[in-house]
Amino acid sequence: MKLFGRFKKKKVIQKSIGVQKKINDVAYTIHSRKRTRGILVSVDTNGNVKVSKHPRISIEAVEKAVLAKYSWIVDSIKKQTSRPKKLLAHYSVKDFKDNKEKARILVKNRLLYFNQFYKYKIGKVYIRNQKSRWGSCAARGNLNFNYKIIFLPSELADYIIVHELCHLKEMNHSVNFWALVSQTISQYKILRKNLRLY
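All of these numbers come straight from a predicted model, not from anything done at the bench. (Residues numbered from 1 in each chain as written. Predicted model: local features only at pLDDT ≥ 70, side-chain atom pairs only at ≥ 80, totals over all residues. Heavy atoms only, no water.)

1. Brief notes about the overall build of the protein
Here is step 1: If you tally the helices and strands in the protein, you get six helices and seven strands.
Here is step 2: Along the protein, from the amino end to the carboxyl end, the secondary structure elements read β-β-β-β-α-α-α-β-β-β-α-α-α.
Here is step 3: Expressed as a percentage of its 198 residues, the buried residues of the protein come to 36%.
Here is step 4: In the protein, 49% of the contacts between residues at least 6 apart in sequence involve partners at least 24 apart.
Here is step 5: Accessible area of the protein: about 14200 Å², with a carbon and sulfur share of 53%. (Helix = DSSP H or I, 4+ residues; strand = E, 2+ residues; numbered from the N terminus. Buried < 20%, exposed > 50% of the residue type's maximum accessible area, 1.4 Å probe, protein only. Contact = heavy atoms within 4.5 Å. Areas by Shrake-Rupley, 256 points an atom, 1.4 Å probe, with all protein chains shown as cover.)

Spelled out as structure tokens, the structure:
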């Protein structure tokens, strides 16, 4: 008679501990991973240099590979660090609390201004703290806006507000929808493209 059942051993997942190295003025971190074939050098959006290698590959081999790619690494760091950080991706609870009401005032004032032309029935207006949307329109007629709209150039803020306002009439991005937007924001195509930079 078995008194005790078998206990399954839990797999212990060990995190790869990076080895810090430096060549000239460029610091980089080496990680050993079994799934990595060869040596992979990458530069993230913050300009951090990371090197992944198979455990069997020596540190000396990595150093030679990094030296061979040194010019590319320096250029990549410059590109990444000079690229403007996207405002939309920024997330801060403190910023949200500090600027929520300012955003609400801006949005409501501009909605009143543009709705003198459209004359749509607007439901409730909400100010959100989001990382992927500038605004949205619910089926009930409620409008949602990202508080970070107050940090945008005024013409882009107006484009977002009119965009969501027009969804009260057309809940899609059809030709009819864009025709509505163009009635007050004639340069919407350019503004739509520029908004992607934020």
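Moving on, there is more to tell.
2. A closer look at the environment of Glu101
Here is step 1: Structurally, the position occupied by Glu101 is in helix α3 (residues 93-118).
Here is step 2: For Glu101, a relative accessible area of 46% translates into the label partly exposed.
Here is step 3: Sequence separation between Glu101 and Ile127 is 26 residues, and the spatial gap between their C-alpha atoms is 8.3 Å.
Here is step 4: A distance of 3.2 Å separates the side chain of Glu101 from the side chain of Arg104, its partner in a polar contact. (Polar contact = N/O pair within 3.5 Å; in protein donor to acceptor, adjacent residues only side chain to side chain.)

3. Side note on the pattern of salt bridges
Where charged atoms from two side chains of opposite charge come close, those side chains can pair.
Here is step 1: Applying the stated criterion across every chain yields a total of five salt bridges.
Here is step 2: A salt bridge links Glu63 to Lys21; its shortest N-O distance comes to 3.3 Å. Remark: Lys21 occurs in strand β1 (residues 19-23) and Glu63 occurs in helix α1 (residues 59-68); sequence separation between them is 42 residues.
Here is step 3: Lys94 serves as the salt-bridge partner of Asp98, at 2.9 Å between the closest nitrogen and oxygen. Note that Asp98 and Lys94 are positioned in helix α3 at a spacing of four residues, about one turn of the helix.
Here is step 4: Judged by relative accessible area, Lys94 falls into the exposed class, the value being 59%. (Salt bridge = Lys/Arg side-chain N within 4 Å of Asp/Glu carboxyl O.)

4. Topic: the sheet that holds β1
Here is step 1: The four strands are arranged β1-β2-β4-β3 in an open sheet whose pairing can be described as mixed. Each edge of the open sheet is held by one strand with a lone partner, namely β1 and β3 (39-43). Here the strands of the sheet are splayed against their neighbours by 25° on average, with no regard to which way each runs.
Here is step 2: Both β1 and strand β2 (residues 26-32) contribute to a ladder of five bridges, which runs antiparallel. For Ile23, the partnering residue across the bridge sits in β2 and is Val26.
Here is step 3: Sheet strands touched by α1: β1, β2, β3 and β4 (49-53). Its angle to β2, the strand with the most contacts, is close to 135°.
Here is step 4: The strands touched by helix α2 (residues 70-82) are β1, β2, β3 and β4; relative to β3, the strand with the most contacts, the crossing angle is about 30°. (Pairing = 2+ DSSP bridges. Axes fitted to C-alpha atoms, helices over the stretch in contact; angles between N-to-C directions.)

5. Section: unusual backbone geometry
Here is step 1: Unusually for a residue other than glycine, Asn24 sits at a positive phi of about 55°.
Here is step 2: The phi angle at Lys119 is positive, at roughly 60°, despite the residue not being glycine.
Here is step 3: For Lys119, the location among the structural elements is in the loop between α3 and β5 (125-128).
Here is step 4: Looking at Lys119, the relative accessible area reads 65%, which means it is exposed.

6. With respect to the confidence of the model for the protein
Here is step 1: For the protein, the average pLDDT comes to 88, and 90% of its residues sit at 70 or higher.
Here is step 2: Note on residues 1-15: pLDDT is under 50 here. Beyond four places in sequence and across chains, it has zero contacts. (pLDDT = per-residue confidence, 0-100.)

7. Details of the pairing of β3
Here is step 1: Summarising the sheet, β3 and β4 pair through five bridges and their orientation is antiparallel. For Leu40, the partnering residue across the bridge sits in β4 and is Ser52.
Here is step 2: The antiparallel hairpin formed by β3 and β4 contains five residues in its connecting segment, where Gly47 sits at a positive phi of about 85°.

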